[in-house]
Amino acid sequence: MNRTNLILYAKKSIERGSKSFSRASKLFSRQTRERAWLLYCWCRACDDLADGQDHGHGMSTTANPEKTIAVMRMMTQRAHSGQQTGNPPFDAFGVVAQECDIPLSLARDMIDGFALDSWGWRPETEDDLLQYCYHVAGSVGCMMAIVMGISSRDHDTLDRACDLGLAFQLANIARDVAEDSAAGRCYLPQTWLKDAEIDPDDVMAADRREDLVLIVNRLCELAGEYENSARVGASSLPFRSRWAVLAAAGIYGDIGRTIRKSHGKSLDRRIYTSKVKKLVWIVRAFGQTLVAAPARDRQGLWTRPRVA
């Protein structure tokens, strides 16, 4: 496919895979929007390959996960070097990587997260959890910041972009506790579960429900801390990109806020942000874009590994 057709392919992918990100992406300038779609298309395809899904739906067992990850790495490296792969999502990544000079190390970091899933990995500590969140989402935040014009050497701004990815993934994990448990996965730190006397292989046990709700709320609070840090970094972005990022932060942040207000009901039904609330956040984010976020240092927050 040529670039124009890859953009159309990527547009359909984001519209199908994430209504929240699709809506927020419309606030970007045309060039940034197209590049964001291309990057999303590749990220979505890698996630689907790793989980046996179709645009995030219908998780199933992958027959040979090691081979799947190996192919993912090979195709990504080929695309990054400018070679055509014949696979639209990977060719989409090749286009945006070449145009924006995205470091291959960030792409590799993301794939490392899917490799952890393929091994049935579980986090032992909070730091382990945040490391995982970096791989599957924080690295994507860094790549998105580069797509929006941030230099790959601007580590301070990329740290804030990573924080937004961490916030999104922590909210995802809090939302999907029951779904992950049904699939045999658990992303809740083992130390947290041990302290709450919850069996990691039976986190949904009825007699530990109240303790599980406290852990889920703790995840949401953690997501809020990283969202607040990311908002500071948004001030380094061009106006329209800043607007889009703040809108996405608000829309996605509402998942965590709604989970906390549900008092455990999120364990029985999937939490989402309504269309009306998304539109409200787009309007609110416009106002936030005009005012600098209060200064906030990152002291005490987990920091991504840096490559010189």
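Residues numbered from 1 in each chain as written. Predicted model: local features only at pLDDT ≥ 70, side-chain atom pairs only at ≥ 80, totals over all residues. Heavy atoms only, no water.

## Side note on a nonpolar patch on the surface
Defined as follows: Nonpolar side chains (Val, Leu, Ile, Met, Phe, Trp, Tyr) within 5 Å and like charges within 9 Å form the patches, drawn only from residues with over 30% relative accessible area and no salt bridge. To be clear on the numbers: accessible area is Shrake-Rupley with a 1.4 Å probe, and residue cover counts the displayed protein chains and nothing else. We define a salt bridge as a contact between a side-chain nitrogen of Lys or Arg and a carboxyl oxygen of Asp or Glu at a distance within 4 Å. A run of H or I in DSSP becomes a helix once it reaches four residues, and a run of E becomes a strand once it reaches two; helices and strands are each numbered from the N terminus. Relative accessibility thresholds used throughout: buried, under 20% of the residue-type maximum; exposed, over 50%; partly exposed, between the two (1.4 Å probe, protein chains only).
Together, F239, F286, L290 and V291 make up an exposed nonpolar region whose accessible area comes to about 380 Å². Within the fold, F286 resides in helix α13 (residues 275–289). Owing to a relative accessible area of 37%, F286 belongs among the partly exposed residues under this scheme.

## A few points about unusual backbone geometry
In this model, D101 sits at a positive phi of 60 degrees, which is unusual for a non-glycine residue. Along the chain, the position of D101 falls in the loop between α5 (88–100) and α6 (104–118). Residue D101 is classed as exposed on the basis of its relative accessible area of 59%. With a phi close to 55 degrees, H263 is a non-glycine residue in the positive phi region. Position of H263 among the secondary structure elements: in the loop between α12 (239–261) and α13.

## Let's talk about helix α8 (residues 155–175)
Counted only if it meets this: What a helix is expected to span follows from its residue count: subtract one and scale by 1.5 Å.
Counted at 1.5 Å a residue, the expected span for α8 with its 21 residues is 30 Å, and the 30 Å between its end C-alpha atoms agrees. Buried residues dominate α8, accounting for 19 of its 21 residues.

## Considerations on the packing of α8 against helix α11 (residues 209–233)
Basically, it comes down to this: Angles here are taken between N-to-C directions and fall from 0 to 180 degrees, while the axes themselves are lines fitted to C-alpha atoms, restricted in helices to the stretch in contact. Just so you know how the angles are binned, under 35 degrees is roughly parallel, over 145 roughly antiparallel, 65 to 115 roughly perpendicular, and the rest oblique. For a crossing to be left-handed, the near helix must be turned anticlockwise from the far one by less than a right angle; the clockwise case is right-handed. The contact criterion used throughout is that any non-hydrogen atoms of two residues lie within 4.5 Å. When residues are grouped by polarity, Ala, Val, Leu, Ile, Met, Phe, Trp, Tyr, Cys and Pro land in nonpolar, Asp, Glu, Lys and Arg in charged, and all others, Gly among them, in polar.
Closest axis-to-axis distance for the α8/α11 pair is 7 Å, and the angle between their directions is 155 degrees. The orientation of α8 relative to α11 falls into the category roughly antiparallel. The element α8 and its partner α11 pack so that their crossing is left-handed. Residues T157, R160, D163, L164, L166, A167, L170, A171, I173 and A174 of α8 form the contact with α11, whose own contacting residues are V216, L219, C220, L222, A223, Y226, E227, S229, A230, V232 and G233. Of the residues belonging to the contact of α8 with α11, the class tally is 15 nonpolar, three polar and three charged.

## Considerations on the side chain of D176
Stated formally: Counting of polar contacts relies on pairs of N or O atoms within 3.5 Å, with two restrictions inside protein: one atom must be capable of donating a hydrogen and the other of accepting it, and residues adjacent in sequence are counted only when both atoms are side-chain atoms.
Of note, D176 is situated in the loop between α8 and α9 (177–182). Polar side-chain contacts of D176 include one of 2.9 Å to the side chain of R175.

## Some words on the packing of aromatic side chains
Selection rule: Pairing of aromatic side chains requires ring centres within 6.5 Å, counting the rings of Phe and Tyr and the six-membered ring of Trp. Pairs whose planes differ by under 30 degrees are stacked, by over 60 edge-to-face, and all others tilted. Put simply, a charge is over a ring when the Lys NZ or the Arg CZ is close to the ring centre, within 6 Å, and near the line of the ring normal, within 35 degrees.
Evaluated as defined, the whole model comprises 10 aromatic pairs. Pairing Y132 with Y187 gives two aromatic rings, centres 4.9 Å apart and planes at 20 degrees, and the pair type is stacked. Here Y187 lies in the loop between α9 and α10 (190–195) and Y132 lies in helix α7 (residues 126–147), a separation of 55 residues in the sequence. For the pair Y132 and Y187, one class covers both residues: buried. One aromatic cluster is present, formed by F21, F168 and Y252 through successive ring pairs. It is R218 that lies over the ring of W192; its NZ or CZ is 3.9 Å from the centre. If you follow R284 out to its NZ or CZ, it ends over the ring of W281, 4.1 Å from the centre.

## Describing the side chain of K278
Stated precisely, the cut-off is as follows: Note on charges: Lys and Arg go in the positive column, Asp and Glu in the negative column, and His and the chain ends are not counted at all.
Relative to the elements of secondary structure, K278 occurs in helix α13. Buried charged residue K278 carries no salt bridge. Nearest counter-charge: D254, at 10 Å. Once residues lying within four places of it in the same chain are set aside, the contact partners of K278 are K19, S20, R23, I251 and T273.

## Here's the deal with α13
The condition is simple: Picture the helix axis, draw a direction to every C-beta atom, and the arc is the one those directions span.
For α13, with 15 residues, the first-to-last C-alpha span of 21 Å sits near the 21 Å given by 1.5 Å per residue. Those residues of α13 that fall on the buried side of the exposure criterion are K278, W281, I282, A285 and T289. Projected down its long axis, α13 shows its buried positions confined to an angular sector of 105 degrees, all on one face. Pointing more than 90 degrees away from the buried face of α13 are the exposed residues V276 and V283. Where α13 is buried, its residues meet α2 (19–25), α11 and α12.

## Remarks on the environment of G52
Topologically, G52 is positioned in the loop between α3 (30–51) and α4 (65–80). Taking relative accessible area as the criterion, G52 reaches 24% and is therefore assigned partly exposed.

## Re the environment of F168
Relative to the helices and strands, F168 resides in helix α8. Each C-alpha atom, one on F168 and one on Q77, is 26 Å from the other, the two residues being 91 residues apart in sequence. Here F168 is in contact with F21, A248, A249 and Y252, once residues within four sequence places are set aside.

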